[in-house]
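# Topology and contacts: notes
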There are 2 protein chains.
Amino acid sequence: MFSLAEENYLKTIFHLEQEYRSGVSTSAIADKMDTKPSSVTDMVQKLAEKEVLSYKKYKGTLLTKSGKAIAANVIRKHRLWEVFLVAKLNFHWDEVHDIAEQLEHIQSEELIIRLDEFLEHPNFDPHGDPIPDEQGNVYPTEKKTLSELEKNQQGICVGVKESSTEFLQYLDKRKIGIGVKITVLRKEYFDGSMMIQVGGNQLFISNKIADNLYINII
Amino acid sequence: MFSLAEENYLKTIFHLEQEYRSGVSTSAIADKMDTKPSSVTDMVQKLAEKEVLSYKKYKGTLLTKSGKAIAANVIRKHRLWEVFLVAKLNFHWDEVHDIAEQLEHIQSEELIIRLDEFLEHPNFDPHGDPIPDEQGNVYPTEKKTLSELEKNQQGICVGVKESSTEFLQYLDKRKIGIGVKITVLRKEYFDGSMMIQVGGNQLFISNKIADNLYINII
DNA sequence: TTTAATATTTAGGCTTGTCTAAAAATAAAA
DNA sequence: TTTTATTTTTAGACAAGCCTAAATATTAAA
Ligand SMILES: [Mn+2]
Ligand SMILES: [Mn+2]
Ligand SMILES: [Mn+2]
Ligand SMILES: [Mn+2]
């Protein structure tokens, strides 16, 4: 059994591994978790003892197979609860993350089996992120961001890279969400900003925004 | 904000106050919480500082108004989640307590408002216990137990005093549950045991069983 | 009412998970 | 290749919540 703190470390390291595809540094973990590098070192050494990750001093860490499975399961729970909150309790997609952050630590195999059933086995959470299966397999869809589209290309928004409340509310205000069709009308090459068509409106967005929107080209 | 441990103490003291209608002793709390009296003293002194209960050395404790409100809210959450688990996820009534014990500590006002809505504002949990309202008011229904019925009296089972897995499974095996009609066929006065009619069957039960079944006489 | 039993509190210690400050290793710059 | 800057680890401390053992109050018995 892993504590709430341990589960959070494993989850964070899992995400960072996917992002950087290499050993995860102590400071990267500290950054993501809003904690101090010295605290991370302590915890990482403890988790190495429990063989859920490998760790060599000054060289960063990598999850073991069992570490990955535990992390994927926490992420599975997080995303299933997010689906529940949006689909059943009518929460908006920018309100669910913090609640799911708590719910993901509820310990009960059976609960998750039945929740998954109740939700009719969803494959994606409300932000377009894939839900790992019971075995801990995630199928990370090879996603393009809006910033990769060229002038006159069109696509459907399928997810967001960041899911902070601020970003999601920015999107809402502009009627951008999952399933929405976006067309690139103009693209500035010196800063990657672009003019896009969304529904009836045209709007100007920075590269930072475009880079955080996942798109399926059509 | 109160920690998980603090919430559990408040909840336990709330239940004990209702049971004994007087100052709750250190050892009574320790017993119910499966902990040591010395731990209880520590925590109770901390909670007195926070003014959620009053405490005088060697004299036991009583919740203050705010302490009662916090406790009732935790109980409200516990019972709403139990309803969710039984009504929506098809859990059986003997499986939900431990999961609700975790879920009751999820922090989100909005979540409970919406859960209550989703469940259509239930008034009782799956064991027949009343769900406190948002203001923390509980209306403890004046309940009779089966052991108070006399020969030839009939009633409907409306709840259970104990809700341990063992007891609930004992009841299930004998087709006793909420809504079931029970008739007292014979009663032994030296030990309170009785022969009862449940559905098509007659069965013999001890006073301990009868004393843990709440009944509405019809 | 004095003595014995029981209940409660205090003292001191342990684990988890965090922190700051200092030391050590690694990476970057000169 | 030294020197400097940055990253990481260690050392030592602290709060929360628990424990055991010892001291003290209260209650029950004699
Ligand atoms: Mn989330
Ligand atoms: Mn999500
Ligand atoms: Mn319960
Ligand atoms: Mn209940």
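Residues numbered from 1 in each chain as written. Chains lettered and ligands numbered in written order. Predicted model: local features only at pLDDT ≥ 70, side-chain atom pairs only at ≥ 80, totals over all residues. Heavy atoms only, no water.

### So, the pairing of strand β6 (residues 194-198) of chain B
Residue and element names in this part refer to chain B.
- Counting buried positions along β6 yields four of five residues, so the element is predominantly enclosed.
- The antiparallel pairing of strand β5 (residues 181-187) with β6 creates a hairpin that spans six residues between the two strands, and Gly192 there sits at a positive phi of about 75°.
- Where β6 meets strand β7 (residues 201-205), five bridges bridge the pair, whose relative direction is antiparallel. Bridge pairing in β7 links Met194 to Ile205.
- Hairpin connection, β6 to β7: the antiparallel pair is bridged by two residues, and Gly199 has positive phi, about 60°. (Buried < 20%, exposed > 50% of the residue type's maximum accessible area, 1.4 Å probe, protein only. Helix = DSSP H or I, 4+ residues; strand = E, 2+ residues; numbered from the N terminus. Pairing = 2+ DSSP bridges.)

### Notes on the packing of helix α1 (residues 4-20) of chain A against helix α3 (residues 37-49) of chain A
Residue and element names in this part refer to chain A.
- Remark: α1 packs on α3, axes separated minimally by 11 Å, with the N-to-C direction vectors making an angle of 95°. One way to sum up the angle between α1 and α3 is to call them roughly perpendicular. Contact residues: α1 offers Ala5, Glu6, Tyr9 and Leu10, while α3 offers Ser39, Val40, Met43, Lys46 and Leu47.
- Counted by class, the contact of α1 with α3 contains six nonpolar, one polar and two charged residues. (Axes fitted to C-alpha atoms, helices over the stretch in contact; angles between N-to-C directions. Parallel < 35°, antiparallel > 145°, perpendicular 65-115°, else oblique. Contact = heavy atoms within 4.5 Å. Nonpolar A, V, L, I, M, F, W, Y, C, P; charged D, E, K, R; others polar.)

### Concerning the coordination of the manganese ion (ligand 3)
Residues and elements named next belong to chain B.
- For the manganese ion (ligand 3), the full set of protein donor atoms is His78 (NE2), Glu82 (OE) and His97 (ND1), at a range of 2.0 to 2.1 Å.
- For the manganese ion (ligand 3), the donor residues sit on a single chain with the sequence spacing H-x3-E-x14-H.
- For the pair the manganese ion (ligand 3) and the manganese ion (ligand 4), the metal-to-metal distance amounts to 3.4 Å, and Glu82 bridges them. Of this pair, His78 sits in helix α4 (residues 65-87) while His97 sits in helix α5 (residues 97-103), placing them 19 residues apart in sequence.
- Under the relative-accessibility criterion, His78 is labelled buried at 8%. (Donors = N, O, S within 2.8 Å, 3.2 Å for Na, K, Ca; no water.)

Interpretation note: all reported values are geometric properties and have no functional meaning in isolation.
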